Amino acid sequence: MIRLLRLGFFALIVRPVLLLILGTNIRNRERLPATGPAIIIANHNSHLDTLALMSMLPLADLPKLTPVAAVDYFGQGAFGWFAKHIIGILPIDRSGKTPRRNLLDGAIAALDEGKILILFPEGTRGEPERIATYKKGVAHLVKARPEVPVTPVFMHGLGKALPRGTYLFVPFTCDVFVGESWTYRGDVNAFMERLEERMSGLAARGNFPAWE
Amino acid sequence: MNIPTPVLYAIGAIFGLLILATILVWWIGKNKPGDASDELMLRIKSWWFMIGVFTIAMVIDRAISTIFLGFISYLALKEFFSLIPTRRIDRLVLLFAYLCVPIQFYWAHIGWYGMFVIFIPVWMFLFLPMVMVLQGQTEGFLRAVGTVSWGLMMTVFTLSHTAMMLAEGDLSNGVAAGAGLLLFLVFMTQFNDVAQFTWGKLTGKHAIVPSVSPKKTWEGFIGGAISTAILAAFVGPYLTVMPWLWSAAAGAMIAVSGFIGDVNMSAVKRDLQVKDSGGLIPGHGGILDRVDSLTYAAPVFLHFFYYFFIGGRA
């Protein structure tokens, strides 16, 4: 039942709104992972990021798509239920109650089940359309499963459409750049360097108007 | 579904042309494979899609046609707002600008000419800067007022003339009705784009405004305008109440204004340092790249027709 609700939410609400009202302009869509396990890493500007990313993959892949998010943000109420069951997030506990070394257990288990994880290593939506420093958690996750391919995605425009701290939605076309995937080699720092290099490479391909 | 017979035949003829063009491009691709013919095929495919959607929207019902035209206008406005520099503080103003689209097309749909013609140039022109100034940020104010007002005029006001044509044409365009009038405008505008492009490719030497659009030549412009006027002389009496000479004049006006609309949008893109306005239509760029000629041709043709035929001065 919940699976059906989730499918309906994406097929009838999220996808039509993103396609007709917002409009996404995706470069190199074919680089998105066709099968799990896989990891998609993207920059975070808006609540819409997760939904937009999930809409770029075929609807048939929906059961596999698992965005990773902080549990404390969504809470226990209706919002939390919605995030967990309809959006299908995999919660990460940032509060410190879970021992550090067990933090990634859920994510690793999901990869072992063949899921496609969506990660926003900036940790927060932060200043819209400005990249914050990436957190290293993602590198530790890839280190634990080095054979899983990582695909970087850079998005621009959603932070203008629905930035943090407002409910006023104003349509802007969303530009998406999908980069080439790679797998973990070397160490955590080398991975993080590579990630930053790829993301800034993708960002440089766009020609974005000023937004001040 | 109540489609005038001349319009039905004209749509049939357009599909005939499209089939011919598809065979031609397929034949070129077979003999000279390469990027150029792949690009042409991509364009033809997009033409099929655009003409298909346009036809479906036109034949069902006038309300559906107006909603479709309004949606095109919305996409053009969104593309424009996404291309220009904007201020964070103006998000509310931009939202109001978007809301103008359904309102403006509603005026057109009910045929309230007086409101249709002043809503954006007067009321919104005064209202949007008011909202902006009450937000209190003066830095970049003039630029924001200028770009938002211009964008609203260029993508909503001008393009809404297509919807007004449907309403006005139903009353004053004889058997072919509003659909005939709009089809005449859109077909002539698109034909002129293709004709100017083809004449330019074959004979073009002298650029008109090289700093804006180096590929637009006098040869292409004149050849295209004459071709469009000749075709209009034949098609006009069939799709509109205009006699052949008036139709030819309308065709020439559409050709000239279409050209201006095209270079006008080119100048905007140059200034913003983008090649295509977007990636919505494969092989054609964005929606603004496709409707650029119409932004000038639609108001010019409607007011020409309004003055001489609805106003009864011809």
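In the block above lies the structure referred to throughout.
A few words now on the overall build of chain B. When helices and strands are counted, chain B shows 10 helices and zero strands. Against the compact-globule benchmark of 20 Å for 314 residues, chain B has a radius of gyration of 20 Å, which places it among compact chains. For chain B, the spread of C-alpha atoms along the three principal axes comes to 60 × 45 × 35 Å. Evaluated residue by residue, chain B yields a buried proportion of 53% over its 314 residues. By element, 72% of the accessible surface of chain B is carried by carbon and sulfur atoms, the whole surface being about 14700 Å². Taken together, the 19 basic and 16 acidic charged side chains of chain B have centroids lying 4 Å from each other.

On to the environment of Asn45 of chain A, then. Along the chain, Asn45 of chain A turns up in the loop between β2 (38-42) and α2 (48-56). Spatially, the C-alpha atoms of Asn45 of chain A and Gly8 of chain A are 25 Å apart, while their sequence positions differ by 37 residues.

Let us look at the packing of helix α6 (residues 137-144) of chain A against helix α8 (residues 188-205) of chain A. Residue and element names in this part refer to chain A. Where α6 meets α8, the axes come as close as 9 Å, and the angle between the chain directions of the two elements is 120°. Crossing of α6 against α8: the hand is right-handed. Counting all contacts with α6, which are made through Val138, Ala139, His140, Val142 and Lys143, the residues of α8 involved are Val188, Phe191, Met192 and Leu195.

This paragraph deals with the interface of chain A and chain B. Contacts between chain A and chain B engage 23 residues on the former and 24 residues on the latter. Of the roughly 1800 Å² buried between chain A and chain B on both sides combined, carbon and sulfur atoms contribute 48%. Our count for the chain A to chain B interface comes out at zero salt bridges. There are 10 residue pairs in polar contact (both at pLDDT 80 or more) connecting chain A and chain B. With three residues, the single largest contributor to the side of chain A that touches chain B is helix α1 (residues 2-22) of chain A.

A few words now on the pattern of salt bridges. Residue and element names in this part refer to chain B. Applying the stated criterion across every chain, the model contains 10 salt bridges over all chains. The partner of Asp262 in a salt bridge is Lys216, with the nearest N and O atoms 3.5 Å apart. Taken together, the residues Asp262 in helix α9 (residues 244-272) and Lys216 in the loop between α7 (177-203) and α8 (218-239) connect sequence positions 46 residues apart. Looking at Asp262, the relative accessible area reads 14%, which means it is buried.

For soluble globular proteins, the rule of thumb is that nonpolar side chains tend to be buried together. Counting residues in hydrophobic clusters, the biggest one holds 85 residues, and the most contacted among them are Phe81, Leu152, Leu182, Phe184, Leu185 and Phe301 of chain B. Sort the elements by how many residues they give to this core and helix α6 (residues 141-172) of chain B lands first, with 12 residues. Contacts of Phe184 of chain B, omitting those with residues within four sequence positions, involve Ala232, Val235, Gly236, Leu239, Thr240, Met242, Ser247, Ala250, Ile254 and Phe301 of chain B. Judged by nonpolar contacts, the second largest core, of 36 residues, contains Phe9, Met54, Ile87 and Met155 of chain A.

In this structure, Asn28 of chain A is a non-glycine residue whose phi angle is positive, near 60°. Take Asn28 of chain A: it is sitting in the loop between β1 (24-27) and β2. With a relative accessible area of 22%, Asn28 of chain A lands in the partly exposed category. The phi dihedral of Gln273 of chain B is positive, around 60°, even though this residue is not glycine. Within the secondary structure, Gln273 of chain B sits in the loop between α9 and α10 (287-310). Taking the relative accessible area as the measure of exposure, Gln273 of chain B reaches 64% and is therefore exposed.

Reading the values: the criteria
Residues numbered from 1 in each chain as written. Chains lettered and ligands numbered in written order. Predicted model: local features only at pLDDT ≥ 70, side-chain atom pairs only at ≥ 80, totals over all residues. Heavy atoms only, no water. Helix = DSSP H or I, 4+ residues; strand = E, 2+ residues; numbered from the N terminus. Rg over C-alpha atoms; globule rule 2.2 N^0.38 Å. Buried < 20%, exposed > 50% of the residue type's maximum accessible area, 1.4 Å probe, protein only. Areas by Shrake-Rupley, 256 points an atom, 1.4 Å probe, with all protein chains shown as cover. Lys, Arg positive; Asp, Glu negative; His and termini not counted. Charge placed at Lys NZ, Arg CZ, Asp CG, Glu CD. Axes fitted to C-alpha atoms, helices over the stretch in contact; angles between N-to-C directions. Left-handed = near helix turned anticlockwise from the far one by under 90°. Contact = heavy atoms within 4.5 Å. Buried area = accessible area lost by both parts, 1.4 Å probe. Salt bridge = Lys/Arg side-chain N within 4 Å of Asp/Glu carboxyl O. Polar contact = N/O pair within 3.5 Å; in protein donor to acceptor, adjacent residues only side chain to side chain. Core = buried A, V, L, I, M, F, W, Y, C linked by side-chain atoms within 4.5 Å.

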